[in-house]
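Listed below, chain by chain, are the residues.
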Amino acid sequence: MNNKDIENKSIELLKEYFDYKKESITTPIPTIDLLEYLGYDIDFRCDGIYKNKDILGGVIPNEKRVELNECLIKNEGRLNFTIAHEIAHIVLHVDNNKNTFFFRKDNKNDSKSEENRRKIIEKEADQFAAYLLMPSYIIKKSFFKHYSKPINVSKFSLINFILRKSKLHKAFLITRKISKTGNFSNVSKTAILNRLIGLRLIRGIPYQTYKIKRR
């Protein structure tokens, strides 16, 4: 799927859920309520594969259940992004008529093809999660309350040189403003920064990455 189609799917879900609640779309997006709306339960785990704190979660479609690592309870931003990621799998990658994942069957015995498919669907799920938690129009509205145009943090500034502020430091200063104005209280600052970079509202800095593993 292309990014526009993924974003449209996230908007459809938000509209459907908030129409059901007879409310306007507002942030922070209630990920647990959305998951329950889709008919799924949450099971926090610390046993088995979840002894590894790098493995954050997975969808069990035939049991209508999402497993989450208990370690996420201590990190609200990562918790909500992981739930949104699993919601993405439910919306994009689960055949709801059969309660199973559906993937292309070509070259199914080719481990390289399987690994490539997995990378693609994980990337799609991350994209969906970002769109779901931080809708474009809310991000943009919040940004332009503070700034008249996109900001290139790599541009030289005498005051930043004197105060020795790095590009990343400047980017996070902007991000904190957007987080507060947009009421993105359940999303990590890194996720907001990456969303701003993706919308080219912040320029001159690459996406910020962190290691995530899911089933």
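A few points on the structure. (Residues numbered from 1 in each chain as written. Predicted model: local features only at pLDDT ≥ 70, side-chain atom pairs only at ≥ 80, totals over all residues. Heavy atoms only, no water.)

**Concerning the overall build of the protein chain**
Right, on to step 1. What the protein chain contains, in helices and strands, is eight helices and seven strands.
Right, on to step 2. Across the 215 residues that make up the protein chain, the buried fraction comes to 41%.
Right, on to step 3. Contacts spanning at least 24 positions in sequence make up 64% of the contacts within the protein chain whose residues lie at least 6 apart.
Right, on to step 4. Surface accessibility of the protein chain: about 12,500 Å² in total, with carbon and sulfur atoms responsible for 50%. (Helix = DSSP H or I, 4+ residues; strand = E, 2+ residues; numbered from the N terminus. Buried < 20%, exposed > 50% of the residue type's maximum accessible area, 1.4 Å probe, protein only. Contact = heavy atoms within 4.5 Å. Areas by Shrake-Rupley, 256 points an atom, 1.4 Å probe, with all protein chains shown as cover.)

**Looking at unusual backbone geometry**
Comment: phi is negative for the bulk of residues other than glycine, and the bulk of peptide bonds are trans.
Right, on to step 1. Here the amide bond leading from Thr-27 into Pro-28 is cis, since omega sits at 0°, within 30 degrees of zero.
Right, on to step 2. Mapped onto the elements of the fold, Pro-28 is located in the loop between helix H1 (3-20) and helix H2 (31-37).
Right, on to step 3. One non-glycine residue, Lys-22, adopts positive backbone phi at about 55°.
Right, on to step 4. The residue Lys-22 is located in the loop between H1 and H2 in this model.
Right, on to step 5. A relative accessible area of 77% means that Lys-22 is categorised as exposed.

**Description of the packing of aromatic side chains**
By convention here, two paired aromatic rings are described through the distance between centres and the angle between planes.
Right, on to step 1. Under the defined criterion, the tally for this structure stands at five aromatic pairs.
Right, on to step 2. Taking the centre distance of 5.2 Å and the plane angle of 80° together, the rings of Tyr-17 and Phe-18 count as edge-to-face.
Right, on to step 3. The class of Phe-18 is buried, set by a relative accessible area of 3%.
Right, on to step 4. Residue Tyr-17 is classed as buried on the basis of its relative accessible area, which comes to 4%.
Right, on to step 5. A connected cluster of aromatic rings, assembled from ring pairs, spans Tyr-17, Phe-18, Tyr-20 and Tyr-37. (Phe/Tyr/Trp six-rings, centres within 6.5 Å; stacked < 30°, edge-to-face > 60°.)

**Digging into the side chain of Asn-194**
Right, on to step 1. Looking at the element boundaries, Asn-194 is found in helix H8 (residues 189-198).
Right, on to step 2. By relative accessible area, which is 15% here, Asn-194 ends up buried.
Right, on to step 3. Apart from residues no more than four positions distant in its own chain, Asn-194 is found in contact with Tyr-207 and Gln-208.

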